[in-house]
Amino acid sequence: MAGKDIGRRNFISTLAAASVAGAIAPALQAFSVAPSKKAGLLAALGGEPVRPAFKQWPKWPHVDERMIEEVVKTTKSGIWSRIQSPVNGAVATFEKQFAGLIGSKYCIGTGSGTQALAICVEAMGIGPGDEVITSPYTDFGTVSAILTSRALPVLADLDTDSYQLDPADVERKITPRTKAIMPVHIMGLPADMDKIMAIAAKHKLKVIEDACQGALAKHRGRSLGTIGDLGCFSFQASKSIACGEGGAVVGNDEALMDQCFTVHNHGTNRKGKHVTIGPKNRMNEFEASILNGQLPTATERFLLRNKNAAYLSSKLKGFAGLVPQKQYEGTESGGYYNYAMSYKKEHFNNASRQQFLKALAAEGIALSPYIPNGMHREAWIDHILELDEYKDMFPAARLKAYREAASSMPGCDRVCAEMIVLPGSGPLIAGMADMDDIINAIMKVYENRDKLASL
């Protein structure tokens, strides 16, 4: 082989069983680094990195001439708000194209994914005194969307392998006040939708999918966001389809989607009648222009993310030190906002996650934790439980039980402590040789795990 082997035999010999070693050995035979006297020494300790600094990851957000042309066209048109051209404008065009792309009947463009979620909660009539069950491991926008309507976000614990809502805990958290479940497709991989939909049907609850990270991903032939009653997406700058800020609500129930439109249009329905309370959460024409320029090639990058993710998973198969995010039966593809793994320090000489990440970064592979603390550890819970409006809406016994339940999330705490992610927006749309760099760097750090404590 052209390059120097980085402790391949040592790497394989530490696996738990010979059968596992046999399975992973072929997957590792192609990995090597450039010949060097310092090839085996950690870069953090003076060795040469696996991936030199001149090797750049693809830039993100994605920009091409088609996108620029769309923005210029909108600029010159003078039609900058969707209300100037409600049928043929950039927003209306985006809504039709995105709905067609994911297989929903209807789509409404919004100013952000957080806004999309909040619109759904309000449109369903969920409000003061009601409860919505959701994940403690998510962007705060998920929780904020429920709080906006003065409902109570009830956190259910996680499956520690998938980082998704544990359906059993979801069912335990249902009370007479529960109106909806808001599963979060974390990292863009499907939550356990078979069980969640069954629970929702049993208890006559609505389902709002937080698919903000899961554009184009599929579960049992259906796109994420189209499985529940309503689905929400984010097009923030880091997302796989991006326009800086922006979001969308999708659904197949015409009456419910009309209500979503009314809420997002400051309470004004499609006939121009002011009929309810609602913010102005409309997507603008410039956001839609960027998206319209991007959609024709979005599937290409989506497929590349899935190809690279599958490749990384195949190389890590059987290695107990880094365990890729579990996928539920029926998962056909993922949005891969990030490629997520659990770091098992006991297989790295008990080096801390931070020491491991420091060593890997020096090798030219920058991974990171995702959410350091679950939503159950954030200050918002203490804040809202002390507000007079929540004290008036909920019995004291319920708020006490809520506080106690929120403080005990062992699954989420474990996920927070172990998860590391590879960004999906740049590295995961790179080439196969770049994926080899990632695996080679992991191998090198693993071989030098006895030295990690010095970092």
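Please read these numbers as outputs of a predicted model, since none were measured by experiment.

## Some remarks on unusual backbone geometry
Residue Pro61 follows Trp60 across a cis peptide bond; omega there is 5°. Mapped onto the elements of the fold, Pro61 is located in the loop between α2 (18–28) and α3 (65–77). In this structure, Tyr336 takes a positive phi of about 45° despite not being glycine. As for its position among the elements, Tyr336 is in the loop between β10 (322–324) and β11 (338–343).

## Some points on the sheet that holds strand β3 (residues 152–155)
Reading across from one edge, β1-β9-β8-β5-β4-β2-β3 is the order of the seven strands in this open sheet, with mixed pairing throughout. Lying at the two open borders of the sheet, with one neighbouring strand each, are β1 (106–110) and β3. Going across the sheet, the axis of each strand differs from the next one's by a mean of 25°, ignoring polarity. The sheet contact formed by strand β8 (residues 230–234) and strand β9 (residues 247–251) spans four bridges and is antiparallel. Bridging from a neighbouring strand, Ser234 pairs with Gly247 of β9.

## Description of the nonpolar core
Within the largest apolar cluster, 68 residues are counted, with the highest numbers of intra-cluster contacts made by Phe94, Phe98, Tyr137, Phe235, Ile241 and Trp380. Among the elements that make up this core, the one with the highest residue count is helix α4 (residues 90–102) (six residues). Filtering out sequence-adjacent residues up to four positions away, Tyr137 remains in contact with Leu158, Ile186, Tyr370, Ile371, Cys412, Val415, Cys416 and Met419. Membership of the second largest hydrophobic core comes to 34 residues, among which are Phe319, Tyr336, Leu357 and Leu422.

## A closer look at the packing of aromatic side chains
Considering all chains together, one arrives at 16 aromatic pairs under this definition. Aromatic side chains Tyr137 and Tyr370 sit 6.0 Å apart centroid to centroid with 55° between the ring planes, which places their arrangement in the tilted category. On the criterion of sequence distance, the pair formed by Tyr137 in the loop between β2 (131–134) and α6 (140–147) and Tyr370 in the loop between α11 (353–362) and α12 (380–385) is long-range, its members being 233 residues apart. Using a relative accessible area of 22% as the deciding quantity, one classes Tyr370 as partly exposed. Between Phe140 and Trp380, the aromatic rings sit 6.4 Å apart at their centres with planes inclined by 55°, giving tilted as the arrangement. A residue pair is termed long-range when its members are at least 10 positions apart, and Phe140 in helix α6 and Trp380 in helix α12 qualify at 240 residues. Three or more aromatic residues joined by ring pairs form one cluster here, namely Phe319, Tyr343, Phe348, Phe356 and Tyr446. In this structure, Arg270 is placed above the aromatic ring of Phe261, and the distance from its NZ or CZ to the ring centre is 4.0 Å. The ring centre of Tyr446 lies 4.2 Å from the NZ or CZ of Arg449, which sits over that ring.

## Details of empty space enclosed by the protein
Applying the stated criterion to the full structure yields three cavities of 30 Å³ or more. By volume, the largest cavity amounts to about 50 Å³. Around the largest cavity, the lining residues are Leu189, Ser313, Pro324, Gln325, Gln327, Tyr336, Tyr339 and Ala340. Taken as a whole, the second largest cavity holds about 40 Å³ of empty space. Leu312, Leu316, Tyr339, Met341, Leu367, Leu422, Ile438, Ile439 and Ile442 together form the lining of the second largest cavity. Put simply, the parts of the chain that give the lining of the second largest cavity at least two residues each are α10 (285–316), β11 and α16 (432–447). At three residues, α16 tops the list of elements feeding residues into the lining of the second largest cavity.

## A few points about the packing of α3 against α10
At a minimum axis distance of 8 Å, the contact between α3 and α10 shows a crossing angle of 150°. Relative to α10, the element α3 lies roughly antiparallel. Seen from above, α3 lies across α10 with right-handed handedness. For the pair α3 and α10, contact is made by Arg66, Met67, Glu70, Val71, Thr74 and Thr75 and by Glu285, Phe286, Ser289, Ile290, Asn292, Gly293, Gln294 and Pro296, respectively. For the contact of α3 with α10, the per-class residue count stands at five nonpolar, six polar and three charged.

## What about the pairing of strand β12 (residues 419–423)?
A regular strand places its side chains so that they alternate between the two faces of the sheet. Taken across its five residues, β12 has four buried, putting it largely inside the fold. Summarising the sheet, β11 and β12 pair through five bridges and their orientation is antiparallel. Each bridged residue has a counterpart across the sheet, and for Met341 the counterpart in β12 is Ile420.

## Digging into the sheet that holds β12
Here we have three strands laid out as an open sheet, ordered β10-β11-β12, and antiparallel in their pairing. Because the sheet does not close on itself, it has two edges, and the strands there are β10 and β12. Averaged over neighbouring strand pairs, the angle between their axes works out to 35° when direction is ignored. With respect to the sheet, α10 is in contact with β10, β11 and β12, its orientation differing from that of β11 by roughly 20°.

## Let's talk about the environment of Asn281
Residue position: Asn281 is located in the loop between α9 (254–264) and α10. Assessed through its relative accessible area of 10%, Asn281 is described here as buried. Sequence separation of Asn281 and Ala116 is 165 residues, and the distance between their C-alpha atoms is 8.1 Å. Among all residues touching Asn281, those that are not within four sequence positions of it are Gly109, Thr110, Gly111, Gln115, Ile119 and His264.

Conventions used here
- Residues numbered from 1 in each chain as written.
- Predicted model: local features only at pLDDT ≥ 70, side-chain atom pairs only at ≥ 80, totals over all residues.
- Heavy atoms only, no water.
- Helix = DSSP H or I, 4+ residues; strand = E, 2+ residues; numbered from the N terminus.
- Pairing = 2+ DSSP bridges.
- Axes fitted to C-alpha atoms, helices over the stretch in contact; angles between N-to-C directions.
- Core = buried A, V, L, I, M, F, W, Y, C linked by side-chain atoms within 4.5 Å.
- Buried < 20%, exposed > 50% of the residue type's maximum accessible area, 1.4 Å probe, protein only.
- Contact = heavy atoms within 4.5 Å.
- Phe/Tyr/Trp six-rings, centres within 6.5 Å; stacked < 30°, edge-to-face > 60°.
- Lys NZ or Arg CZ within 6 Å of the ring centre and 35° of its normal.
- 1 Å grid on protein atoms, 1.4 Å probe; cavity = no way out; pocket = protein on both sides within 12 Å on 5 of 7 lines; lining within 4 Å.
- Points joined across faces, edges and corners; volume = space filled by probe spheres on them.
- Parallel < 35°, antiparallel > 145°, perpendicular 65-115°, else oblique.
- Left-handed = near helix turned anticlockwise from the far one by under 90°.
- Nonpolar A, V, L, I, M, F, W, Y, C, P; charged D, E, K, R; others polar.

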